[in-house]
Amino acid sequence: MTEDESAIRKVVDTWMSATKAGDLSTVLSLMAEDVIFMVPGREPFGKKDFAVSAQSMKGTRIEGTSDILEIQVLGNWAYLRNHIEMTATPAAGGAALHRSGYTLTLMRKDEDGRWRLARDANLMTAEK
């Protein structure tokens, strides 16, 4: 495994652990300023809308796993295919929501040498 692949895996691990801890600041630091997210049923959105959505879920317990299936590094860009399982349990009680599915993520190594999420197509869907 190359140094870049290890660094990208660390970004994913940090994202997952920061999400579980409710550490939005750390999650946002893993994104490029011009990040774009694509999810089913919604127009593409950026970092600001991601933050607003995350704030609206404050107190929700989120647990998940990530299984990276492929990483390809192409200079200062890389892509990864990932399978994610996630469960969100509302703070006020109620039924937990379980989602799972695949993502295709473009990462960019910024001028500071850190890999950050630049584009993300998230195909997770709710399980019944």
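Look up a bit, the structure's there.
Residues numbered from 1 in each chain as written. Predicted model: local features only at pLDDT ≥ 70, side-chain atom pairs only at ≥ 80, totals over all residues. Heavy atoms only, no water.

J.: Can you help me understand the environment of T26 in this one?
T.: With respect to the element layout, T26 can be found in helix α2 (residues 24–29). Separated by 12 residues in sequence, T26 and M38 place their C-alpha atoms 21 Å apart. Excluding residues that lie within four positions of it along the chain, T26 makes contacts with T14 and A18. Within the structure, the side chain of T26 is placed 2.6 Å from the side chain of D23, a separation counted as a polar contact. (Helix = DSSP H or I, 4+ residues; strand = E, 2+ residues; numbered from the N terminus. Contact = heavy atoms within 4.5 Å. Polar contact = N/O pair within 3.5 Å; in protein donor to acceptor, adjacent residues only side chain to side chain.)

J.: I'm lost on the pattern of salt bridges in this one. Help?
T.: Side chains that carry opposite charge are capable of pairing whenever their charged atoms lie near each other. With the rule as written, the count across this model stands at eight salt bridges. Salt-bridge contacts for D110 lead to R116; the nearest nitrogen and oxygen are separated by 3.1 Å. On the basis of relative accessible area, D110 is assigned to the partly exposed category, the value being 22%. Of the residues examined, R116 reaches a relative accessible area of 11% and is grouped as buried. Overlapping salt bridges bring together D34, R108, D110, D112 and R116 as one network. (Salt bridge = Lys/Arg side-chain N within 4 Å of Asp/Glu carboxyl O. Buried < 20%, exposed > 50% of the residue type's maximum accessible area, 1.4 Å probe, protein only.)

J.: What exactly am I supposed to notice about the side chain of T105 here?
T.: Looking at the secondary structure, you find T105 in strand β4 (residues 97–109). Separated by 2.5 Å, the side chains of T105 and D120 make a polar contact. Filtering out sequence-adjacent residues up to four positions away, T105 remains in contact with A78, Y79, L80, L117, R119 and D120.

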